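Read off the chains here:
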Amino acid sequence: MSTVRVRFAPSPTGYLHVGGLRTALYNYLFAKKHGGAFLLRIEDTDRTRLVEGAVENLIRTLGWAGLRFDEGPGAGGDRGPYVQSERLSLYRTYAEQLIRDGHAYYAFDTAEELELMKAEQERLKLTPKYDRRALKLSAAEVEAKLASGAPSVVRLRVPDATTVVIEDVVRGHVEFESAMIDDQVLLKSDGYPTYHLANVVDDHLMGITHVIRGEEWLSSTPKHVLLYRAFGWELPVFAHLPLLLNPDRSKLSKRQGDVAVEDYMRKGYLPEALLNFIAFLGWNPGDEREIFSLEELVREFTLERVGKSGAVFNIEKLDSVNKEYIKTASTARLTEEIRLRLTAHGMAVPPDHHIAGVIVLMKERVATLEEFVTGCGYLYADPVAYDEEASKKNWKPETGGWLRELLPLLPGADGFTASSLESIVKERATVIGVGAGKLIHPLRLAVSGTSKGPGLFEMMELLGRDACVRRIGRALAALG
Ligand code: GLU
């Protein structure tokens with residue numbers, strides 16, 4: 001069999017959808033596994049859906065994820081251009097070839113005429129389909145209309161009474177009756193091809209061996225198969241990936257959570273973690289293992305292990321995978337991430353040794369990079385408020401007095417370590433005759449403003465004597 005060549009063929013409609021990232025990932029894995037090529041092709045023939053900057057955004061996001069394409073815009077390759085709007089003349093040539101060979105025809109219907117036709121079909125409860133009125137035109141009539149410059153489209157002439165069979169790697173044997181297939185428009189009156197024509201022509205010219213894409217394209221596939229047949233071209237292998245679902249098993253939608261890869265990027269999911277999680281949305285290795293690097297995925301991935309049933313996008317699962325990756329990420333990498341995020345939030349960036357201390361305290365506790373910043377703001381700046389519930393519970397009338405007595409006992413800046421703080425606080429509690437919690441809880445509230453967080457004494461050591469004394473003083477002033 002020829003060398004594997006696969007493509008990710010997004011339409012630049014704004015952002016990379018997580019479903020698109022899954023399609024890109026599976027194509028990438030399949031290509032790398034077989035020593036083949038992974039192409040990026042931009043399908044921008046629907047001019048009404050174009051969004052400024054979308055292509056750059058797509059490329060940047062794929063780059064962030066680490067899915068490098070071998071051929072595509074900006075990457076070179078000898079089957080380009082890889083942007084469909086730069087290939088328009090090709091599609092016209094192929095559309096004309098189909099017309100010559102009797103597999104397609106010109107049609108001149110206006111939008112109003114098509115509306116009327118559709119309304120009439122609905123009234124008669126017929127499947128809405130082009131009624132082929134243009135086929136009644138004589139060759140001379142067609143010539144005359146073309147010569148007069150009347151707007152025209154080119155339509156596929158779907159063969160009568162045949163069954164289109166697709167052997168899909170994921171879906172298995174799928175059949176479509178040609179009677180149910182519309183005479184699809186292939187070339188629009190504005191000269192742009194529709195998705196179907198451009199997709200098939202490009203897959204052929206770019207030597208695509210396997211078409212791996214979302215299930216929502218399965219219903220288009222019989223039209224594509226008819227086009228391959230009409231051109232006399234060899235079919236690629238088809239693999240349609242299962243739908244992505246919300247936890248309630250409805251189709252994954254913006255309404256129930258983020259669907260743009262950028263959102264996950266912004267929230268602080270590591271690209272390896274997101275890819276690891278996404279890889280499992282439709283595929284599994286057949287055993288209990290859950291953490292896979294991209295290289296390991298390349299080794300293990302097979303289309304045969306892609307399932308048919310919808311895959312639930314479970315954010316808790318993503319969080320737990322991300323947690324694992326954060327635990328093993330290097331301090332240098334996390335420091336850089338935290339620095340960028342502090343800046344983005346307009347927060348002062350402390351020296352690296354302080355950030356390193358934050359990482360030690362928080363690494364096992366956060367699910368996202370963003371939580372290193374927004375989940376523990378008190379590690380960077382004095383709290384400006386005190387959790388109300390925690391204050392009610394832990395700050396009693398006698399608390400202020402106890403903390404005032406404790407302040408002069410705190411060690412000097414050099415000895416301000418977690419272990420010395422711990423023994424001083426515990427000793428003090430014994431002297432007062434209360435459990436250590438009676439001092440620890442209000443101290444935590446004073447230092448951090450909340451009742452949750454990393455170990456109190458380790459946190460105090462990181463913040464240092466001056467900050468802790470200042471914070472305790474402020475809490476005493478605020479809470480009494
Ligand atoms: N342009 C289509 C999309 O936006 C490509 C579908 C396909 O892979 O054939 O997903």
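Preceding block: the structure.
These lines cover the structure that appears in this document, whether it is placed above or below. (Residues numbered from 1 in each chain as written. Predicted model: local features only at pLDDT ≥ 70, side-chain atom pairs only at ≥ 80, totals over all residues. Heavy atoms only, no water.)

Another aspect to go through is the overall build of the protein. Counting its regular elements, the protein contains 20 helices and 11 strands. Computed over C-alpha atoms, the radius of gyration of the protein comes to 31 Å, more than 25% over the 23 Å expected from 2.2 N^0.38 for 480 residues, which places it beyond the range of a compact globule. Projecting the C-alpha coordinates of the protein onto the three principal axes gives extents of approximately 105 × 50 × 35 Å. The burial tally for the protein puts 49% of its 480 residues in the buried class. Across the protein, contacts joining residues at least 24 apart in sequence account for 75% of those joining residues at least 6 apart. Accessible surface computed for the protein: about 22,800 Å², of which carbon and sulfur atoms make up 52%. Side-chain charges in the protein split into 60 positive and 66 negative, and the spacing between the mean points of these groups amounts to 3 Å. (Helix = DSSP H or I, 4+ residues; strand = E, 2+ residues; numbered from the N terminus. Rg over C-alpha atoms; globule rule 2.2 N^0.38 Å. Buried < 20%, exposed > 50% of the residue type's maximum accessible area, 1.4 Å probe, protein only. Contact = heavy atoms within 4.5 Å. Areas by Shrake-Rupley, 256 points an atom, 1.4 Å probe, with all protein chains shown as cover. Lys, Arg positive; Asp, Glu negative; His and termini not counted. Charge placed at Lys NZ, Arg CZ, Asp CG, Glu CD.)

A separate point is the packing of aromatic side chains. In this structure the tally under the stated criterion is 16 aromatic pairs. Consider the rings of Tyr-94 and Phe-231, whose centres lie 5.6 Å apart with planes at 85°: the pair is edge-to-face. One end of the pair, Tyr-94, is in helix 3 (residues 88-100); the other, Phe-231, is in helix 7 (residues 221-231), and 137 residues separate them in sequence. Relative accessible area serves as the criterion here: at 16%, Tyr-94 is assigned to the buried category. Looking at Phe-231, the relative accessible area reads 9%, which means it is buried. One aromatic cluster in this structure is built from Tyr-26, Phe-280, Trp-283, Phe-292 and Phe-301. Above the plane of the ring of Tyr-26 lies Arg-22, whose end atom (NZ or CZ) is 5.7 Å from the centre. (Phe/Tyr/Trp six-rings, centres within 6.5 Å; stacked < 30°, edge-to-face > 60°. Lys NZ or Arg CZ within 6 Å of the ring centre and 35° of its normal.)

A few words on the packing of helix 17 (residues 418-432) against helix 19 (residues 456-463). With their axes 8 Å apart at the nearest point, helix 17 and helix 19 run at an angle of 125° to one another. The angle between helix 17 and helix 19 places the two elements in the oblique class. Where helix 17 crosses over helix 19, the two elements pack in a sense that is right-handed. Of the residues in helix 19, those in contact with Ala-418, Leu-421, Glu-422 and Val-425 of helix 17 are Phe-457, Glu-458, Met-460 and Glu-461. Looking at the contact of helix 17 with helix 19, its residues break down into 5 nonpolar, no polar and 3 charged. (Axes fitted to C-alpha atoms, helices over the stretch in contact; angles between N-to-C directions. Parallel < 35°, antiparallel > 145°, perpendicular 65-115°, else oblique. Left-handed = near helix turned anticlockwise from the far one by under 90°. Nonpolar A, V, L, I, M, F, W, Y, C, P; charged D, E, K, R; others polar.)

Where empty space is left becomes clear once a probe the size of a water molecule has been rolled over the atoms. Taken as a whole, the largest pocket spans an internal volume of roughly 1,000 Å³. Along the wall of the largest pocket there are 40 residues; nearest its centre are Pro-10, Ser-11, Arg-49, Glu-216 and Trp-217. Sorting the residues of the lining of the largest pocket by element identifies strand 1 (5-8), helix 1 (18-33), helix 6 (195-205) and strand 8 (210-214) as the ones contributing at least two each. For the lining of the largest pocket, the element with the highest residue contribution is helix 1, accounting for 5 residues. Considered class by class, the residues forming the lining of the largest pocket number 16 nonpolar, 13 polar and 11 charged. Looking at the second largest pocket, its volume works out to about 340 Å³. What lines the second largest pocket is a set of 15 residues, and nearest its centre among them are Leu-114, Met-117, Tyr-130, Arg-155 and Asp-182. Elements that contribute at least two residues to the lining of the second largest pocket include exactly helix 4 (111-123) and strand 4 (153-156). (1 Å grid on protein atoms, 1.4 Å probe; cavity = no way out; pocket = protein on both sides within 12 Å on 5 of 7 lines; lining within 4 Å. Points joined across faces, edges and corners; volume = space filled by probe spheres on them.)

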